[in-house]
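Structural features, examined
Each chain, written out:
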Amino acid sequence: SRGINLRDAFFRYFTLLVIWGTIFFLETVASRGLARIFSGSPFRQVIFYISLGIIVLIETFFAYAVIAVMLENRRAWRAIVRTFSVAKSLFFPTFILVLTPLVFQILFIIVRGKIPQLMVRFSPEITLFILGLGITIGFITDCILRTSTVILFLVKRDTERTSS
């Protein structure tokens, strides 16, 4: 029994690692790859927003991959196919669920860019407060995103089962 459970856990974690690697690769290409290709372009700000939009779309289409692995015990490729089918059928709600926490994180990235000015205005310890706040905001937004997508996935799965 322990051996079977250990094997299943290994395959699930390996599958999650493959999915995470795929998402990381695609988002890295979208953010850094586009910036390198258009580095001399006068439209750097536009390229930044385009890459940000691509990252939101990648997050939208991969929002259900971890859920497919954990709840439906799917392997990497089948989980990716499943997440694309669910995200396609629930695109707008999934897009809103992904975009909302990312807006808070983007706003916080802007605040982190202002740390030197805040250090001069208040005190250097403001950096610790901002970093702690960033960890808290990241944790809360990620919990909200994961919980919301799991609930939406379960509702979609129940709807699929009752209509079949």
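Residues numbered from 1 in each chain as written. Predicted model: local features only at pLDDT ≥ 70, side-chain atom pairs only at ≥ 80, totals over all residues. Heavy atoms only, no water.

**Some points on the pattern of salt bridges**
Inspection of the entire model under this criterion finds 6 salt bridges. The salt bridge partner of Asp 8 is Arg 7, with a shortest N-O separation of 3.2 Å. According to the relative accessible area criterion, Arg 7 is partly exposed, its value standing at 45%. Of the charged contacts in the structure, one is a salt bridge between Lys 156 and Glu 160, with a shortest N-O distance of 3.9 Å. Of this pair, Lys 156 and Glu 160 both sit in helix α7 (residues 126-163), 4 residues apart, roughly one helical turn. (Salt bridge = Lys/Arg side-chain N within 4 Å of Asp/Glu carboxyl O. Buried < 20%, exposed > 50% of the residue type's maximum accessible area, 1.4 Å probe, protein only. Helix = DSSP H or I, 4+ residues; strand = E, 2+ residues; numbered from the N terminus.)

**Comments concerning the layout of surface pockets**
Over the atoms, a rolling probe the size of a water molecule traces out where space has been left empty. Roughly 650 Å³ of volume is contained in the largest pocket. No other element matches helix α5 (residues 91-113), which puts 8 residues into the lining of the largest pocket. Tallied by class, residues from the lining of the largest pocket come to 13 nonpolar, 5 polar and 6 charged. (1 Å grid on protein atoms, 1.4 Å probe; cavity = no way out; pocket = protein on both sides within 12 Å on 5 of 7 lines; lining within 4 Å. Points joined across faces, edges and corners; volume = space filled by probe spheres on them. Nonpolar A, V, L, I, M, F, W, Y, C, P; charged D, E, K, R; others polar.)

**A closer look at helix α2 (residues 44-61)**
A rise of 1.5 Å per residue sets the reference length of α2, with its 18 residues, at 26 Å; its end C-alpha atoms lie 26 Å apart and thus fit the reference within 8%. Within the span of α2, buried status applies to Ile 47, Ser 51, Ile 55, Val 56, Ile 58, Glu 59 and Thr 60. Tucked into the core, α2 has its buried residues touching α1 (2-37), α4 (76-89), α5 and α7. (Expected span 1.5 Å × (residues − 1). Contact = heavy atoms within 4.5 Å.)

**Observations concerning α5**
Taking 1.5 Å per residue, 23 residues should reach 33 Å; α5 reaches 32 Å between its end C-alpha atoms and fits that length. By the burial criterion, the buried members of α5 are Thr 94, Val 98, Pro 101, Leu 102 and Phe 108.

**With respect to the packing of aromatic side chains**
Enumeration according to the criterion identifies 9 aromatic pairs in this entry. Aromatic pair Phe 61 and Phe 91: ring centres 5.7 Å apart, planes at 35°, arrangement tilted. Taken together, the residues span a long stretch of sequence, with Phe 61 in helix α2 and Phe 91 in helix α5 at a distance of 30 residues. Residue class for Phe 61 comes out partly exposed when judged on its relative accessible area of 23%. With a relative accessible area of 31%, Phe 91 lands in the partly exposed category. For the pair Phe 62 and Phe 84, a centre-to-centre distance of 5.3 Å together with 80° between the ring planes defines the contact as edge-to-face. Of this pair, Phe 62 sits in the loop between α2 and α3 (65-72) while Phe 84 sits in helix α4, and the two are 22 residues apart along the sequence. Judged by relative accessible area, which is 7%, Phe 62 ranks as buried. Taken together, the aromatic side chains of Phe 61, Phe 62, Phe 84, Phe 91 and Phe 95 make up a single cluster linked through ring pairs. (Phe/Tyr/Trp six-rings, centres within 6.5 Å; stacked < 30°, edge-to-face > 60°.)

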